[in-house]
There are 2 protein chains.
Amino acid sequence: MSDRDHSKREGSGRILRAPENFVDLTLQQDIERHGLDAKRRSFLRRSFAGAVATTAAAATAPLAFAQSEGDEMILKPRPWATSLGQPVAARPYGLPSEHEKNLQRRQSPGLTRVAASSVAFTPLQGLFGIITPNGLHFERHHQGWHDIDPAQHRLMLNGLMRAPRVYTMDDLMRLPSVSRMHFIECGANTGMEWGNVAVPTVQYTHGMLSCCEFTGVPLSVLLEDCGADLKRGKYLLAEGGDGSSMTRTIPLEMADEIIVAWAMNGEMLRPENGYPLRLVVPGVQGVSWVKWLRRLEVGDQPWNTKDETVHYVDMMPDGMHRQYTSIQECKSVITTPSGGQTLIGKGFYNISGLAWSGRGKVKRVDVSVDGGRSWRTARLEGPVLSKCLTRFNLDWVWDGSPAILQSRAIDETGYVQPRTNELRAIRGTRSIYHNNAIQSWRVAPSGEVDNVQLG
Amino acid sequence: MSDRDHSKREGSGRILRAPENFVDLTLQQDIERHGLDAKRRSFLRRSFAGAVATTAAAATAPLAFAQSEGDEMILKPRPWATSLGQPVAARPYGLPSEHEKNLQRRQSPGLTRVAASSVAFTPLQGLFGIITPNGLHFERHHQGWHDIDPAQHRLMLNGLMRAPRVYTMDDLMRLPSVSRMHFIECGANTGMEWGNVAVPTVQYTHGMLSCCEFTGVPLSVLLEDCGADLKRGKYLLAEGGDGSSMTRTIPLEMADEIIVAWAMNGEMLRPENGYPLRLVVPGVQGVSWVKWLRRLEVGDQPWNTKDETVHYVDMMPDGMHRQYTSIQECKSVITTPSGGQTLIGKGFYNISGLAWSGRGKVKRVDVSVDGGRSWRTARLEGPVLSKCLTRFNLDWVWDGSPAILQSRAIDETGYVQPRTNELRAIRGTRSIYHNNAIQSWRVAPSGEVDNVQLG
């Protein structure tokens, strides 16, 4: 495969090819060129013959390519084995490989009128495990992002409290801190699919989802410090420091888990994600994790701000709307194979995906390859943490016939992720927010995978 | 504080200032300019009066600065509240704030003759939680790093096995995968301190230490696939793809936990850390986590390669050396406050640090502020995982008198991190590797923190 081919892929090294901006690029050429297909099938047949069914054609395939490659590797070292490499600290702050440069956050063209009030999606199809690297964390802004000078930033606490107070970053960062891993999902994630719009890739269907280790001071420490009146005070108003007047009401019954955070994945927040301060509200939709946080007010009733009356409400079939529906219910999605990728031939695949619940831990994930007629239980990678992504994996041998891949998560409360039609029966098709239905990916005999709405 | 001041700091927003390359820069100017000191002490006295002792002077300090700042914040919005910000995906792969640009991997000048065979240290003094962001993962190369084309990379398995085999990256990445969080520490970490060299900052004392979520195929899957003879085969030889002929013997009794990994913290490995393939050997010194991994051989005895005979052996007092001492024993270090930082005045601080053990989970961390005469048990942040970093935190009120900060970790086997003299009594002072002694940071009445060897 040439360097040029690599540069077109959304992250190289993937066995399943993801197109760049929906322009397909399969590995079929490579397979034909190198004769890899037969070798792979043969290899995988031997590995997993005991556990899974394979095609008869694969059983007799030769290993010629692999063996000649092996001789070459030993006898003819690659260029990087015979030359001096780059020095340490060549990049004081490191970056991904040049071969991975197409694995990017991407904006969905036309989703909003201006890019300062839009979304850049996380490329879930090319990620592994549960941690989202900070450079690929999704973005959702209401009036664009700023790189705020932390020395100029302040956080005010006011409202129902004995001693309203203003904190500098230095004040906050000497306080007792906690570190917790949590997912963050925009309430509008998978929003296009309320109708019958089958967005082509998992980056665009589910990519308003990320997961980090957050560090900051527990909200409870600040409330105590200011002498908050928690008898009268039942709600918190969180206000962002940008120009969008982004304000959200949060029930104080959630206070025990809320963090006023300055760090994500070990380092200070990124500007696009609220540097130097954001709210972390585990299990709750991302809009409440207010970025560039400048004010927290304690009150005795919800504020009914524009962002919780005009926006972020769920339109119901009868024309009424649900309001303050902030918790992200149990949900899962297969990230590999997923829409826009192309399987490189029959044989073994590791089906991999993510599951999460705003109510606690994921208890189980079932996977179907026949559109929900039968299910197998996937392996969960540990640690399984509350209100955090959980990675699941399942062995699968594709026999070349059409398949429909689905995942169904169950959380520790016993809640089961619904089918699309189950959700629509109650909530209709006119909503934007809180679509946690089962996702279906259709595999064609050609190996091409696309998004299909099954109901 | 001006932007210029910010740019000098190793990561802004820290309450404890770390100097750039040992050039000190304290916050005293800011304190004098803004009168923050009294406010902070007052604030912290109220917060933690019940739990900790404070100075009498702090009790009556006013809050004038904070309140006027508060009015200003509401009445005069900051520039970022009155302007349109940057669009989404302005940076398809995001970067840290400009205000954090001094938080970097740094080379220790003069440590090695050429920078292609040297170390770049992780800036532990400016990090949080347990995850090391990929851009700040430490580097240690033997002949420099390359950005290898994954389509050209191969992994050979050979030796005592029925079917020696060569894998492409595509072959490997369709196999069953696991994701695990583990620390990686160079065996030479804290090596200068075997003698009486008090390296000034925690970046240089302990910065050959990082922690990631790694994803890859379990070694056991590959051994099974190749029909490895595990009756005769007792050892694994791992060989890197660079030009240094880096080879390491690894006992196969460790095989169950070893991962042939392609991803760190959710994305493909970074070139400096072995892209596209490295070995993950939990609990074992970093040199065995062979980068740019190209070969794994199964054998019946250790290979005694140059990297396990000439290098990476522990010189003992009697002139003999210990060999194959690969497991990183239980260790901890306080990262804040630490050498080179300056406390900004008396009052409350969150003492924070990291603990780890190559034998399993950290069970407990004790912290002393009086050079080991008395100890308090720190809070451990969850999840506490095996062979993974654990973050600890402890409340502390500094009364302005000299103090010596130490941490002492105990792992689940009951092993207690030793004092320097306990370690030297057995292992002497001529070693480089495997110094896991207790670290001491001395706090002067001026607030300056430095590295001191107590014994």
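Refer to the structure above for everything that follows.
Throughout, a residue's number is its position along its own chain's written sequence, starting from 1. Chains carry letters and ligands carry numbers; both start at the beginning, A for chains and 1 for ligands, and go up in the order they are written. The predicted origin of the model limits local features to residues at a pLDDT of at least 70 and limits the giving and counting of side-chain atom pairs to 80 or more, whereas totals for whole chains, interfaces and linings rest on all residues. Based on all heavy atoms of the structure, the side-chain values leave hydrogens and waters out of the count.

Visitor: Go over the interface of chain B and chain A, please, and point to the residues and values.
Guide: We call two residues in contact when some of their heavy atoms are within 4.5 Å. Across the boundary between the two partners, chain B contributes 128 residues, which contact 128 residues of chain A. Buried area adds together the accessible area that both of two parts lose upon being put together, with accessible area traced by a 1.4 Å probe. Among the residues of chain B in contact with chain A, Trp80(B), Val88(B) and Arg174(B) are the three that bury the most area, contributing 9% of the side total. Any carboxyl oxygen of Asp or Glu that lies within 4 Å of a side-chain nitrogen of Lys or Arg is treated as forming a salt bridge with it. Run the count over chain B and chain A and you get 4 salt bridges. Between Arg91(A) and Glu272(B) there is a salt bridge; the shortest N-O distance is 3.0 Å. Under this definition, polar contacts are N or O atom pairs within 3.5 Å; protein pairs additionally need one hydrogen-donor-capable and one acceptor-capable atom, and for neighbouring residues in sequence, both atoms have to be side-chain atoms. One can count 56 residue pairs in polar contact (both at pLDDT 80 or more) joining chain B with chain A. In terms of residue count, the dominant contributor to the side of chain B that touches chain A is helix α3 (residues 36–48) of chain B (8 residues). Every helix listed is a DSSP run of H or I at least four residues long, and every strand listed is a run of E at least two residues long, numbered separately from the N terminus.

Visitor: Provide a residue-level description of the sheet that holds strand β18 (residues 362–368) of chain A, including the pertinent values.
Guide: Residues and elements named next belong to chain A. Two strands are said to pair when DSSP picks up at least two bridges between them. Spatial ordering of the open sheet is given by β19-β18-β22-β23-β24, a layout of 5 strands whose pairing is antiparallel. Each end of this open sheet is capped by a strand with a single partner; those strands are β19 (376–377) and β24 (449–451). The pairing of β18 with β19 spans 2 bridges and is antiparallel. Looking at the pairing, valine 367 lines up with arginine 376 of β19.

Visitor: Can you tell me about the side chain of Asn436(A), naming the residues and giving the values?
Guide: Residues and elements named next belong to chain A. Within the secondary structure layout, asparagine 436 lies in the loop between α8 (420–427) and β23 (440–443). Within polar-contact distance, the side chain of asparagine 436 engages the backbone oxygen of cysteine 330 at 2.9 Å. Not counting residues up to four positions away in its chain, the partners in contact with asparagine 436 are Glu329, Cys330, Lys331, Tyr415, Gln417, Pro418 and Leu423.

Visitor: Pulling in residues and values, what's your account of the relation of the copies chain B and chain A?
Guide: Copies overlap after least-squares fitting; the atoms used are the C-alpha atoms of residues with pLDDT of at least 70 in both. At an RMSD of 0.0 Å, chain B and chain A line up after a rotation of 180° and a shift of 0.0 Å along the axis. Classification of the inter-copy transformation places it as that of a two-fold axis. When you check the interface residues of chain B against chain A, 99% turn up at the interface there too, and the contact is symmetric in its surfaces.

Visitor: Account for the pattern of salt bridges, with residues named and values stated.
Guide: Within this structure, the stated rule accounts for 40 salt bridges over all chains. Between Glu239(A) and Arg294(A) there is a salt bridge whose closest N-O contact spans 2.8 Å. Taken together, the positions of Glu239(A) in strand β8 (residues 235–240) and Arg294(A) in strand β13 (residues 293–299) put the pair 55 residues apart, joining distant regions of the chain. Any residue under 20% of the maximum accessible area for its type is buried, any over 50% is exposed, and the rest in between are partly exposed; the area is computed with a 1.4 Å probe on protein chains only. The exposure class of Arg294(A) is buried, given its relative accessible area of 17%. Between Arg419(A) and Glu422(A) there is a salt bridge, with the nearest N and O atoms lying 3.4 Å from each other. One salt-bridge network, held together by shared partners, links Arg91(A), Arg105(B), Glu139(B) and Glu272(B).

Visitor: Describe in detail the environment of Thr247(B), supporting the description with residues and values.
Guide: Residues and elements named next belong to chain B. With respect to the helices and strands, threonine 247 occurs in strand β9 (residues 247–251). The class for threonine 247 is buried, based on a relative accessible area of 10%. Residues threonine 247 and threonine 305, 58 residues apart in the sequence, show an inter-C-alpha distance of 6.5 Å.

Visitor: Hey, could you go over the pairing of strand β18 (residues 362–368) of chain B for me, with residue numbers and the actual values?
Guide: Residue and element names in this part refer to chain B. A large share of β18 lies buried, amounting to 5 of its 7 residues. Looking at chain direction, β18 and strand β22 (residues 403–411) are connected through 6 bridges and run antiparallel. Bridge pairing in β22 links valine 367 to serine 407.

Visitor: Which residues make up α8(A), and what values go with them?
Guide: Residue and element names in this part refer to chain A. Looking at α8, one finds that the buried residues are Thr420, Leu423, Arg424 and Arg427. Here the buried residues of α8 occupy an arc of 100° about the axis, which is enough to place them on one side. Opposite its buried face, α8 presents the exposed residues Ala425 and Ile426, each directed more than 90 degrees away. At its buried positions, α8 is contacted by β14 (314–315) and β15 (321–322). Directions from the helix axis toward the C-beta atoms define the arc.

Visitor: So what's going on with the nonpolar core? Residues and values would help.
Guide: Trp396(A) and Trp396(B) are the most contacted members of the largest nonpolar core, which has 70 residues in total. Look past the residues within four positions of Trp396(B) in its chain and what remains in contact with it is Pro337(B), Leu343(B), Gly347(B), Phe348(B), Tyr349(B), Ile351(B), Val369(B), Arg376(B), Ala403(B), Leu405(B) and Val443(B). Put simply, buried Ala, Val, Leu, Ile, Met, Phe, Trp, Tyr and Cys residues joined by side-chain atoms within 4.5 Å make one nonpolar core.

Visitor: Explain unusual backbone geometry to me, using residue names and the numbers behind them.
Guide: For the bond running from Thr336(A) to Pro337(A), omega is -5°, close enough to zero to count as cis. Inspection of the secondary structure puts Pro337(A) in the loop between β16 (331–336) and β17 (347–356). With omega at -5°, the peptide bond leading from Gly382(B) into Pro383(B) counts as cis. On the secondary structure map, Pro383(B) appears in the loop between β20 (379–380) and β21 (390–398). A positive phi angle, near 50°, is found at Ser245(A), a position not held by glycine. Even without a glycine there, the phi angle at Tyr312(B) is positive, about 55°. Topologically, Tyr312(B) is positioned in the loop between β13 (293–299) and β14 (314–315).

Visitor: Please give an account of the sheet that holds β13(B) that cites residues and values.
Guide: Residues and elements named next belong to chain B. Pairing within the open sheet is mixed, and its 5 strands lie in the order β5-β4-β13-β8-β9. If you trace the sheet from one side to the other, it starts and ends with β5 (165–168) and β9, each paired once. Taking the axes of each pair of neighbouring strands and ignoring which way they run, one obtains an average angle of 20° across the sheet. As defined by bridge partners, strand β8 (residues 235–240) adjoins β9 across 5 bridges and the pair is classed as antiparallel. Of the residues in β9, the one forming a bridge with alanine 238 is arginine 248. Orientation is described by axes fitted as lines to C-alpha atoms, over the contacting stretch for helices, and by angles from 0 to 180 degrees between their N-to-C directions.

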